[in-house]
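Geometric and topological summary
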Amino acid sequence: MSETPGGPAAPCCQQRRGFLEKAAAIGAGALALVAPLGVGVNAFLHPLRKAGGGDGDLLKITSLESLPEDGTPRKFNVTADRVDAWNRFTNEPVGAVFLRRIPGQPGKVAAFQVTCPHAGCAINYEPTDQGGRFFCPCHTAAFDLEGRRTDAVSPSPRDMDDLEVEVRNEHEIWVRFQHFVLNKSEKIAKA
Amino acid sequence: MSGFWTELDRRLGLSECIGACRAHRVPGKASWLRVWACVMVFAVIVQAVTGFFLWMYYSPGAQSAWESVYYMQNQVAGGWLLRAVHHYSAHVLLAAVMLYVLQTVLTAAYRAPRELAFWAALGVGCFALGAIITGDLLYWDQNGYTSTKVRTSFLNLLPGVGQSLLALATGGGPDLGNLTLTRFFALHVGLLGGGTIALALAHAYLTRRADQMETEGTAGEPWWPNQAWISSTACLVFIVVVFALSLRHGVSGPHRGVFHGSPADPAGSFDAARPEWMLVGVYELSHMFPPSLSIVPIFIVPGAVLAFFLLMPWIASWPIGRMVNIAGTLGLLAIVVGLTCFSYYKDAVNEPHQKAWAAERELAVRVRQLAEAKGIPPSGALTLLRDDPKVQGPRLFAQHCASCHNYSAPEGKAILAEKSSAPEMHGFATRKWVSGFFHVKTITGPDYFGNTAFRNGEMVGAVKDWWKEAGDDQEAVAELTKELEAVAAALSAEAQLPAQREVDQRDKELIASGLKSIDAMCVDCHRFHKAKGGGAPDLTGYGSREWLHGIIANPADPRFYGKSNDRMPAYRDILTAREIDLLTEWLRGEWFEPAAE
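Numbering of residues starts from 1 in each chain and follows the order in which that chain's sequence is written. Chains and ligands are labelled sequentially in the order written, the chains with letters from A and the ligands with numbers from 1. Totals for whole chains, interfaces and linings use all residues, but because this is a predicted model, local features are given only for residues with pLDDT of at least 70 and pairs of side-chain atoms are given and counted only at 80 or more. Side-chain numbers come from the whole structure's heavy atoms, not from hydrogens or water.

Description of the packing of aromatic side chains
Residues and elements named next belong to chain B. Pairing of aromatic rings covers Phe, Tyr and Trp, the last counted by its six-membered ring, and requires centre-to-centre distances within 6.5 Å; plane angles under 30 degrees mean stacked, over 60 mean edge-to-face, and any other angle means tilted. On inspection of all chains with the given rule, the structure shows 31 aromatic pairs over all chains. Ring centres 5.7 Å apart and planes at 20 degrees place the aromatic pair Trp36 and Tyr100 in the stacked group. Placement of Trp36 in helix α3 (residues 36-55) and of Tyr100 in helix α5 (residues 79-106) is noted, with a sequence separation of 64 residues between them. On the basis of relative accessible area, Trp36 is assigned to the buried category, the value being 15%. Relative accessible area decides the class of each residue, using a 1.4 Å probe on protein chains only: under 20% of the type maximum gives buried, over 50% gives exposed, and in between gives partly exposed. Among the residues examined, Tyr100 registers a relative accessible area of 11% and is labelled buried. Here Phe270 and Trp357 contribute two aromatic rings whose centre-to-centre distance is 6.0 Å and whose plane-to-plane angle is 90 degrees, an arrangement assigned as edge-to-face. One end of the pair, Phe270, is in the loop between α10 (223-246) and α11 (280-286); the other, Trp357, is in helix α14 (residues 351-374), with 87 residues separating them in the sequence. The class of Phe270 is buried, set by a relative accessible area of 6%. Through a chain of ring-to-ring contacts, the aromatic side chains of Phe428, Trp433, Phe437, Tyr448, Phe449, Phe454, Tyr542, Trp547, Phe560 and Tyr561 assemble into a single cluster. Runs of H or I in DSSP of at least four residues are treated as helices and runs of E of at least two as strands, each being numbered from the N terminus.

Examining the nonpolar core
All names here are of chain B. To define a nonpolar core, start from buried Ala, Val, Leu, Ile, Met, Phe, Trp, Tyr and Cys residues and group those joined through side-chain atoms within 4.5 Å. Core analysis: the biggest nonpolar cluster contains 55 residues, and Phe397 and Phe438 have the highest contact counts within it. When residues of this core are traced back to their parent elements, those giving at least two are α16 (389-401), α17 (431-435), α19 (458-470), α20 (474-495), α22 (508-521), α23 (545-553) and α24 (577-587). With nine residues, the top contributor of residues to this core is α20. Membership of the second largest hydrophobic core comes to 45 residues, among which are Ala84, Tyr88, Phe308 and Met312.

Notes on unusual backbone geometry
Residue and element names in this part refer to chain B. At the junction of Ala112 and Pro113, the peptide bond is cis and its omega measures out at 5 degrees in the coordinates. Among the structural elements, Pro113 can be located in the loop between α5 and α6 (115-138). In this structure, Pro225 follows Trp224 across a cis peptide bond, with omega equal to 0 degrees. Considering the arrangement of structural elements, one finds Pro225 in helix α10.

Here we look at the pattern of salt bridges
A carboxyl oxygen of Asp or Glu within 4 Å of a side-chain nitrogen of Lys or Arg is what we treat as a salt bridge. As enumerated under the stated definition, the model contains 35 salt bridges over all chains in all. Residues Arg148 of chain A and Glu146 of chain A are paired through a salt bridge, measuring 3.1 Å at the closest nitrogen-oxygen approach. Across the pair Arg386 of chain B and Asp265 of chain B runs a salt bridge, and its minimum N-O distance is 2.7 Å. With Arg386 of chain B in helix α15 (residues 381-386) and Asp265 of chain B in the loop between α10 and α11, the pair connects residues that are 121 residues apart, well separated along the chain. On the basis of relative accessibility, which here comes to 12%, the residue Asp265 of chain B falls in the buried class.

Quick word on the sheet that holds strand β10 (residues 172-177) of chain A
All names here are of chain A. Strands are labelled as partners when DSSP assigns at least two bridges between them. The strand order across the open sheet formed by three strands is β1-β10-β9, and the pairing between neighbours is antiparallel. Looking at strand neighbours, the two that pair on one side only are β1 (57-63) and β9 (165-168), the edges of this open sheet. The mean inter-strand angle of the sheet, taken between neighbouring strand axes irrespective of direction, is 30 degrees. For every element, the axis is a line fit to its C-alpha atoms; helices are fit only across the contacting stretch, and the angle between N-to-C directions ranges from 0 to 180 degrees.

So, the interface of chain B and chain A
Contact residues are listed per partner, giving 44 residues for chain B and 52 residues for chain A. Throughout, buried area stands for the accessible area (probe radius 1.4 Å) lost by two parts on being put together, summed over both. Around 3900 Å² of area is buried between chain B and chain A when both sides are counted, 54% of it from carbon and sulfur atoms. At the surface where chain B touches chain A, the tally comes to one salt bridge. Secondary-structure elements contributing two or more residues to the side of chain B that touches chain A are α7 (142-153), α8 (162-170), α9 (178-215), α11 and α16 of chain B. Its residues assigned to classes, the side of chain B that touches chain A shows 18 nonpolar, 18 polar and eight charged. Pairs of residues are marked as contacts when any of their non-hydrogen atoms sit within 4.5 Å. Classification convention: Asp, Glu, Lys, Arg as charged; Ala, Val, Leu, Ile, Met, Phe, Trp, Tyr, Cys, Pro as nonpolar; all other residues, Gly among them, as polar.

Thoughts on the environment of Tyr542 of chain B
Tracing the chain through its elements places Tyr542 of chain B in the loop between β4 (531-532) and α23. Taking the C-alpha atoms as reference points, Tyr542 of chain B and Glu494 of chain B, 48 residues apart in sequence, are found 5.4 Å from one another.

Description of empty space enclosed by the protein
Definitions used throughout: a 1 Å grid over protein atoms alone; a cavity as a set of points that fits a 1.4 Å probe which cannot get out; a pocket as an open set with protein on both sides within 12 Å along at least five of seven lines; a lining residue as one with an atom within 4 Å of a point. Grid points are joined across faces, edges and corners, and a volume is the space filled by probe spheres set on the points. Scanning the model with the defined rule gives three cavities of 30 Å³ or more in all. Volume-wise, the largest cavity comes out at about 200 Å³. Lining the largest cavity are 21 residues, with Gly120 and Ala122 of chain A together with Lys149, Pro266 and Gly268 of chain B positioned closest to its centre. Contributions of two or more residues to the lining of the largest cavity are made by β3 (87-101) of chain A together with α7 of chain B.

Observations regarding the sheet that holds strand β8 (residues 162-163) of chain A
All names here are of chain A. With antiparallel pairing, four strands are arranged side by side in an open sheet as β2-β3-β4-β8. Each having just a single partner strand, β2 (74-84) and β8 make up the two edges of the open sheet. Across 10 bridges, β2 lies against β3 in antiparallel orientation. Bridged to Ala80 within β3 is Glu92.

Brief notes about the environment of Arg149 of chain A
Within the secondary structure, Arg149 of chain A sits in the loop between β7 (142-143) and β8. By relative accessible area, Arg149 of chain A is classed as partly exposed at 34%. Along the chain, Arg149 of chain A and Ala32 of chain A lie 117 residues apart, while their C-alpha atoms are 56 Å from each other. Apart from residues no more than four positions distant in its own chain, Arg149 of chain A is found in contact with Ala142, Phe143, Ser154, Ser156, Pro157, Arg158 and Asp159 of chain A together with Pro291 of chain B. For Arg149 of chain A, the side chain forms a polar contact with the side chain of Asp159 of chain A, separated by 3.0 Å. In protein, a polar contact means a hydrogen-donor-capable atom and an acceptor-capable atom, both N or O and within 3.5 Å, with residues adjacent in sequence counting only if both atoms are side-chain atoms; elsewhere, any N or O pair within 3.5 Å suffices.

Shown next, in the form of structure tokens:
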């Protein structure tokens, strides 16, 4: 062991230098690790940055004549353009709506999303002795013909989602087709 | 040579490792209760190996996921078995973890120094469950798609972060799609698959450490060869169970191995979605809560149950802690088993549910037939179904025609109007169907014009006149009957129905005489080839593709009913030309069927 000037310093400084070295080793390593992780997580979070609140387009669905006079609902497929990440589909089925004439209001039509507001299954129409109802087969939510929940304890957090309807030229039925956030008591349009 | 091995061993340390294994001792005696660590490691190796080979065939994309699984299931030799072994080994692993946890609770083997090993086993269970749930979507069939849609929608129940988590899980689109698949695939293979492997290895390591701590100073029994023999037999039992499950639907046929349903249709509806067996209890529990409390059965109860298990080593230190743990576990088990059985029972007696499943199985067979015969276009297998009259015809008919028309097919294929008020459409344009117009009782009945504006029309009048003229004269009646048979044959031949091709060929003479009779009897009102009658529908090419498409597109066209059209709307305003084609082809019985084997 040789004692040279500038060699091992006093114990206090040695300790500090040891600490600095350890901190630097951990810091540099962590920094090196955080950079690629950050790049990955940043890309992963992309879906959160998409613009929200889609208004939906008014789409021509059918004509008034194809709806029964007595207010029985009918299901119609909705065809529109659809984008799925890198794919664009033109004129594809994108979902379906229930349409029914509103009894007592000639020329007036009500439209509902077939998607159940609970968990997103497709609601069916069932004729019953009391004049028919809407029924979801997944978790057995039931709705009346106005789309209101009828179970004492419904699995659905809200009534069926009604859609804006426009009757043009006295017989063309146009519907603003939108999807809504599932499992919420409020009706929030999806992007 | 031995020098080479010695040198290699010095570098690798193999004999040290083997020596350590052989020297390892288990507390007490070798036992069937100590096989779990080995079985879990074995199971994740099975997962990794089969998963690696599946990876070589799988393509995660909305137009290629189902298609690549179809290819594996049907075209790759033994591909179905590979899928089945991967699928069932995950399920059996999860079941094994459950049994192991149960055993651990009953024997209080979570106590020091085995807390960490116990937690690692719980971790294996959670990660395996995650891998099963994410793997479910990867088939991209209707059940996987709909179940995932339901499951991811539950994220919205979480206050504040729910919608963001949902967007991160599904890729942020309005529907599940390409980005959902790529994300779920990465999660499935990378995070959950990798995590399960890491946790199973960690569990084995921690168990070994605990064995060492417990055998210190005591004898125990050497791990090799008794415990090794028992453990490897357990692994063999594991794989036998997996193969038994994989082979239970046979080694051939459309449903061998793991069921692969019809391709996911974001716009379609699927009425039979149900979760996998291990989630059925939670599914049933969720029915017991109102929507404002949905978070309780979906997140809070399962979270509390997991917390209870994690805390067991600590609870056991209470005076009656062990009993609390055992009672809690057995109680939970009873509740879950009860709810699960109840749910399965409910579905078994739920007729619409069984019907929906039967329809899905049928659709899965159908899409396979189409894919085999036609090949899958780049737009995906869904296109095959959307372009298939056999599939789309009934749907379009039910949606657009069945408010007035019946389609009274046998064998549960009937589509009936609530109150039929227009002609029956099953057997359209066949001889039998056409001849119904020629008898007073049938034409005025509900299956023809009975409930229409033509109930008292000219056609009904003409038919009445024919039979009145024949009167009671048996000879005249026989002659008229014969002539009308010929007319029906001739008119039906105009349709050129595929099902009647042979009869039409055979009965050339009958048809020729029928054509003459049509020229004599019908052309005052109907147009028929060169004869220019007017006022009633053109009979030229009656029931042919072109004719049927025309009358559906616009029944009020002068060629058909003109101004006298009853209530039938012009479907060219409602359906696309292709949809009318599909309906036409279906009504005419014109669709692809594979040759009988």
